[in-house]
Amino acid sequence: MGIHAGIIQSEIDLDIALDMLFSPIYLKIFMYRENIDTNFVNGLIRHFMNGIATR
C-alpha cells in the first residue's frame, strides 16, 4: 500500500524492512528484559520511516 501510494521507496525489500522495524522491539523485550515505552516506539517508527520513505 505505501509503495503504491508513493510513500515508501519502490526498491525496498519489505521482509527486510519489517525485520528492521520489529527486531529492536524483540531485542529489548526478550534479550535485555527491558520494557518498551511510547517514546521508544515513536522514535523507532520515526527513524524507520525516514529510512524507507521516498525522497
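Note: the structure precedes this text.
Draft legend 1. The arrangement of the nonpolar core in detail. Counting seven residues, the largest nonpolar core is built from Ile8, Ala17, Leu21, Ile25, Leu44, Phe48 and Ile52. Only helix H1 (14–31) and helix H2 (38–52) provide two or more residues apiece to this core.

Draft legend 2. Inspection of the pattern of salt bridges at higher detail. All chains considered together, the criterion is met by one salt bridge. A salt bridge links Lys28 to Glu34; the nearest nitrogen and oxygen atoms lie 2.8 Å apart.

Draft legend 3. Region of interest: H1. With 18 residues, H1 should reach 26 Å at 1.5 Å per residue; the first-to-last C-alpha distance of 24 Å fits that figure. Maximal helix bending in H1 amounts to about 35°, located at Phe22; proline Pro24 follows within four positions. All of the buried residues along H1 are Ala17, Leu21, Ile25 and Lys28. At its buried positions, H1 is contacted by H2. Just downstream of H1 lies Arg33, where phi reads positive at about 55°.

Draft legend 4. Layout of the packing of aromatic side chains. Applying the stated criterion to the full structure yields one aromatic pair. Here the aromatic rings of Tyr26 and Phe30 are separated by 6.0 Å at their centres, their planes lie at 20°, and the arrangement is stacked. With Tyr26 and Phe30 both in helix H1 and four residues apart, the pair spans about one turn of that helix. Seen from the ring of Phe40, Lys28 lies directly overhead, with NZ or CZ sitting 4.9 Å from the centre.

The rules we used
- Residues numbered from 1 in each chain as written.
- Predicted model: local features only at pLDDT ≥ 70, side-chain atom pairs only at ≥ 80, totals over all residues.
- Heavy atoms only, no water.
- Core = buried A, V, L, I, M, F, W, Y, C linked by side-chain atoms within 4.5 Å.
- Buried < 20%, exposed > 50% of the residue type's maximum accessible area, 1.4 Å probe, protein only.
- Helix = DSSP H or I, 4+ residues; strand = E, 2+ residues; numbered from the N terminus.
- Salt bridge = Lys/Arg side-chain N within 4 Å of Asp/Glu carboxyl O.
- Expected span 1.5 Å × (residues − 1).
- Bend = angle between axes of the 7 residues up to and from the residue.
- Contact = heavy atoms within 4.5 Å.
- Phe/Tyr/Trp six-rings, centres within 6.5 Å; stacked < 30°, edge-to-face > 60°.
- Lys NZ or Arg CZ within 6 Å of the ring centre and 35° of its normal.

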